[in-house]
Amino acid sequence: MDDGVRLSSPRGRALLTATALGSGMAFLDGTVVNVALPTIGRELDATLAQLQWTVNAYTLTLAALILLGGSLGDRLGRRRIFTVGVVWFTVASVLCALAPTAEILIAARALQGIGGALLTPGALAILQTTMHQEDRARAIGAWAGLTGVSGVLGPLLGGWLLEYDWRWVFGINVPLAALTVWLITASAPESKDEAATGRFDAAGAALGAVALGASTYALISWPDAGASALNVTMAVLSVLAAVAFIYREKLAEHPMVPLSLFSDSTFTGINIMTFAVYAGLSGVMFFLVMQLQVSLGWSPLEAGIATIPTTLLMLLFSGRSAELAKRFGVRPPLVIGSACGAVGVALLAAVDDGDSYLVDVLPGVTLLGIGLTTLVPTLTATVMAAAPQHLAGIASGVNNGVSRAAGLIAVAALPAVAGLSGEAYADPDQLTDAYQIAMLACAGLLVLGALSAAALRPHALTEPPTTPPAGEPVGVPSGEPAGERELVHEARPAPCSGPGMPPSYGR
């Protein structure tokens, strides 16, 4: 009986590569475009507001639809929706590359976000439901590291591509997508939630999209427009839609997001931790690149190269991080990784004009990289292990939505908290003062993440619950402190779905 794809096999490596490439494109596009904005502005004669929406149109549609993407994958087939998302994303990338005006570029970026919302939850859900149980944590760790690398590589790749033409920032997605589709088709069996036979929760999907989309719009626009009528309307609409969404999911016979997911303390706790950690990391990536360019006078390419230690550490060691968590428990890497990252960010807060890379930047970047390498793979594996196997897609969508909401709030709120507004970011003195405040706030958020991790009572990484996560633990090792126990959920025997398929886990 074959109970999953082994990571060490050629098929397993192809599967990991495909999911990392697909989700990596979506993560990469969230950062690489920032470096190209000045060039795009000059060539398309775009206003500052148009440049902001070149970034935000992508974020808006991605955040609004990511829960829907996860749910569609669970119901219609995770490989199918992932592949549709990759193709959609690529077609939109071509439209971005060919855009003759800023308005068309913004519209194409919104279409890109839809593709990203379809493919991002599917990548993680495919790994969770397809990989052999013994390899699952390591595969998810490697995926998390590789996708994290794509985000960190954004400024570096963007700076390099701008040496040729800004349109290649989008055109580079075409060969990557072709390789992704070929690999995922050859390596991934189809999987879905066979129990989801009822009518699709269209009302829940619509309310969730409105809640996420309206809140994202308000967060994006508030720093510039303040309490305008539109922003206030969007903020109120997001709250009303969120309340209606929860009410709908509680009463629906076949909810898009079963609220039983959140009755599991590990799933809820790890998402709270995700919010704190990713808010801090998003703030760091936003302010650090600006500080290096404006206050230290580095070029975009030089600022991108400065993050290479973080990239290398995640690339080389992320796959092993979750393996260590299986051996020692998930709490130590979550706490230690968050704390190590906080120290690194605190060191980076002191970076100022005239500082050197080796003495003043490298130590903080390296500590941050060690923290991310220790933290991110374990965090991702833990949140997936806390969710029932048949809800892998929606669980991934929830966690991705939380991380992106955290990033939006951080980037929207931190400049105001630090006293940075208008064109002050172009003044080295004003930027440095705000940068130091913002980076210390980011370090504080990572400390909050460490404290949240210390309070977790996580499930074993290798045994995701197969019944609704509200189930009670049926056995714990004797003689262990209560705070260190791992919950073990009762598992039903799962028949093999067929040659090359993972166990059904009640699907």
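These numbers were taken from a predicted model, which means no experiment stands behind them.

J.: Would you explain the overall build of the protein chain in this entry?
T.: Per the secondary structure count, the protein chain includes 16 helices and zero strands. Relative to its 507 residues, the protein chain shows a buried fraction of 55%. Across the protein chain, the fraction of contacts at a sequence separation of at least 24, relative to all contacts at a separation of at least 6, is 84%. Just so you have it, the protein chain exposes about 19900 Å², and 67% of that area is on carbon and sulfur atoms.

J.: How do you make sense of the nonpolar core when you look at a structure like this?
T.: Most often, soluble globular proteins keep nonpolar side chains buried together rather than apart. Membership of the largest hydrophobic core comes to 95 residues, with the highest contact counts inside it found for L292 and L334. In terms of residues, this core owes the most to one element, helix 10 (residues 265-294), which gives 12 residues. In this structure L292 touches G297, W298, A303, A306, V351 and V361, once residues within four positions along its chain are discounted. In terms of nonpolar packing, the next biggest core, distinct from the first, is built from 20 residues, V32, L161, V169 and F170 among them.

J.: Please clarify how the packing of helix 10 against helix 13 (residues 331-348) should be interpreted in this entry.
T.: A packed helix pair is summarised by two numbers, namely the angle formed by the two axes and the spacing between the axes. It is at 12 Å that the axes of helix 10 and helix 13 come closest, and there the two elements cross at 25°. Looking at the two axes, helix 10 sits roughly parallel to helix 13. Handedness of the helix 10/helix 13 crossing: left-handed. Facing helix 10, whose interface residues are I270, M273, V277, V284 and L288, helix 13 presents L334, S338, V345 and L348. For the contact of helix 10 with helix 13, the class distribution of residues is eight nonpolar, one polar and no charged.

J.: What exactly am I supposed to notice about the packing of aromatic side chains here?
T.: The geometry of an aromatic ring pair is captured by two quantities: the separation of the ring centres and the angle between the planes. Within this structure, the stated rule accounts for four aromatic pairs. Measuring from centroid to centroid gives 6.3 Å for Y58 and F89, while their planes differ by 75°, and the two rings are edge-to-face. A residue pair is termed long-range when its members are at least 10 positions apart, and Y58 in helix 2 (residues 48-76) and F89 in helix 3 (residues 78-98) qualify at 31 residues. Taking relative accessible area as the criterion, F89 reaches 0% and is therefore assigned buried. Consider the rings of W298 and Y357, whose centres lie 6.2 Å apart with planes at 55°: the pair is tilted. Note that W298 is positioned in the loop between helix 10 and helix 11 (300-305) and Y357 in helix 14 (residues 357-385), a separation of 59 residues in sequence.

J.: Looking at this model, I keep getting lost on the side chain of T61. Mind explaining?
T.: With respect to the element layout, T61 can be found in helix 2. Only 3.2 Å separates the side chain of T61 from the backbone oxygen of A57, close enough to count as a polar contact.

J.: Looking at this model, I keep getting lost on helix 15 (residues 392-417). Mind explaining?
T.: Count 3.6 residues to each turn of an α-helix, and residues three or four apart come out pointing the same way. Spanning 26 residues, helix 15 covers 37 Å between terminal C-alpha atoms, matching the ideal 38 Å at 1.5 Å per step. Taking burial as the measure, the 26 residues of helix 15 include 20 buried ones, the bulk of the element. One or two positions beyond helix 15, positive phi appears at G419, with a value near 80°.

J.: Where do I start with the packing of helix 4 (residues 102-130) against helix 15 in this structure?
T.: It is the contact of helix 4 with helix 15, at a shortest axis distance of 8 Å, that shows an interaxial angle of 135°. Put simply, helix 4 runs oblique to helix 15. Helix-helix and strand crossings are classified by hand; for helix 4 and helix 15 the assignment is right-handed. In contact with T120, P121, L124, A125, Q128 and T129 of helix 4, helix 15 contributes A392, G393, S396, G397, N400 and R404. Of the residues contributing to the contact of helix 4 with helix 15, the split by class is four nonpolar, seven polar and one charged.

J.: Teacher, can you tell me more about the environment of T374 here?
T.: By the secondary structure assignment, T374 is in helix 14. For the pair formed by T374 and L313, sequence separation is 61 residues and the distance between their alpha carbons is 9.6 Å. When sequence neighbours within four positions are dropped, the list of residues in contact with T374 reads S321, P333 and G337.

J.: Hey, could you run me through unusual backbone geometry in this one?
T.: Leaving glycine out, the prevailing phi sign among residues is negative, and the prevailing peptide bond configuration is trans. One non-glycine residue, D45, lies in positive phi territory at about 55°. Along the chain, D45 turns up in the loop between helix 1 (10-44) and helix 2. Overall, the relative accessible area of 66% leaves D45 in the exposed class.

J.: Would you mind going over a nonpolar patch on the surface with me for this structure?
T.: A cluster of nonpolar residues, V84, V87, W88, V91, L95 and L111, forms a patch on the protein surface that exposes about 480 Å² of accessible area. If you tally residues by element for the nonpolar patch, the top one is helix 3, at five residues. Mapped onto the secondary structure, L95 falls in helix 3.

J.: Honestly, the side chain of Q291 in this entry has me stumped. Any pointers?
T.: Secondary-structure assignment places Q291 in helix 10. At 2.9 Å, the side chain of Q291 forms a polar contact with the side chain of S295. There is a polar contact of 3.3 Å between the side chain of Q291 and the side chain of T432. In contact with Q291, other than residues within four places in its own chain, are L296, V351, D352, L431, T432 and Y435.

J.: What is the right way to read the confidence of the model for the protein chain from this model?
T.: Low pLDDT marks regions whose predicted coordinates should not be analysed in detail. Confidence in the prediction for the protein chain averages 79 pLDDT; 84% of positions are at 70 or higher. No element of the protein chain has a lower mean pLDDT than helix 5 (residues 136-161), which averages 72, and none a higher one than helix 3, which averages 94. Considering only residues more than four positions removed or in separate chains, one finds that residues 460-507, a stretch of pLDDT under 50, has 109 contacts.

J.: Help me out: how do you make sense of helix 9 (residues 229-251) in this one?
T.: In a regular helix each residue adds 1.5 Å, so 23 residues correspond to 33 Å; helix 9 covers 33 Å between its end C-alpha atoms and thus fits that length. If you check which residues of helix 9 are buried, you get N231, S238, A241, F245 and E249.

J.: Just checking my understanding: could you explain the pattern of salt bridges for this structure?
T.: Close approach of charged atoms allows side chains of opposite charge to pair. Applying the stated criterion to the full structure yields three salt bridges. For E134, the salt bridge identified is with R6, shortest N-O distance 3.5 Å. On the criterion of sequence distance, the pair formed by E134 in the loop between helix 4 and helix 5 and R6 in the segment before helix 1 is long-range, its members being 128 residues apart. Taken together, the salt bridges that share partners define one network made up of R6, E134 and D135.

What counts and what doesn't
- Within any chain, residue numbers begin from 1 and follow the written order of that chain's sequence.
- Residues qualify for local features only when their pLDDT is at least 70, as the model is predicted, and side-chain atom pairs are given and counted only at 80 or more; totals for whole chains, interfaces and linings, by contrast, use all residues.
- By convention in this description, side-chain values take in all heavy atoms of the structure and omit both hydrogens and water.
- Each helix is a run of H or I in the DSSP string that is no shorter than four residues. Each strand is a run of E no shorter than two, and both are numbered from the N terminus.
- Each residue is assigned to one of three classes by its accessible area relative to the maximum for its type, calculated with a 1.4 Å probe on protein chains only: buried under 20%, partly exposed between the two thresholds, exposed over 50%.
- Contacts between residues were defined by any pair of non-hydrogen atoms, one from each residue, lying within 4.5 Å.
- Working definition of accessibility: Shrake-Rupley area with a 1.4 Å probe, residue cover restricted to the visible protein chains.
- Nine residue types can take part in a nonpolar core, namely buried Ala, Val, Leu, Ile, Met, Phe, Trp, Tyr and Cys, and a core is a set of them joined through side-chain atoms within 4.5 Å.
- The angle between two axes is taken between their N-to-C directions and runs from 0 to 180 degrees, where each axis is a line fitted to C-alpha atoms and a helix contributes only its stretch in contact.
- To sort the angles, those under 35 degrees are grouped as roughly parallel, those over 145 as roughly antiparallel, those from 65 to 115 as roughly perpendicular, and the leftovers as oblique.
- Take the far helix as the reference: if the near one is turned anticlockwise from it by less than a right angle, the crossing is left-handed, and if turned clockwise, right-handed.
- Lys, Arg, Asp and Glu make up the charged group, whereas Ala, Val, Leu, Ile, Met, Phe, Trp, Tyr, Cys and Pro make up the nonpolar group; the residues left over, Gly among them, are polar.
- Centre distance within 6.5 Å is the pairing criterion for rings of Phe, Tyr and Trp, where only the six-membered ring of Trp is used; planes under 30 degrees apart are then read as stacked, over 60 as edge-to-face, and the remainder as tilted.
- Whenever a nitrogen or oxygen atom comes within 3.5 Å of another N or O atom, the pair is scored as a polar contact, on the condition that within protein one atom can donate a hydrogen and the other can accept it, and that pairs from neighbouring residues in sequence are kept only if both atoms are in side chains.
- By definition here, a helix of n residues has an expected span of 1.5 Å times n minus one.
- Any residue with relative accessible area above 30% and no salt bridge may belong to a patch, with like charges joined within 9 Å and the nonpolar Val, Leu, Ile, Met, Phe, Trp and Tyr side chains within 5 Å.
- Salt bridge, as used here, is a side-chain nitrogen of Lys or Arg placed within 4 Å of a carboxyl oxygen of Asp or Glu.
- Confidence of the predictor at the level of single residues is captured by pLDDT, which takes values from 0 to 100.

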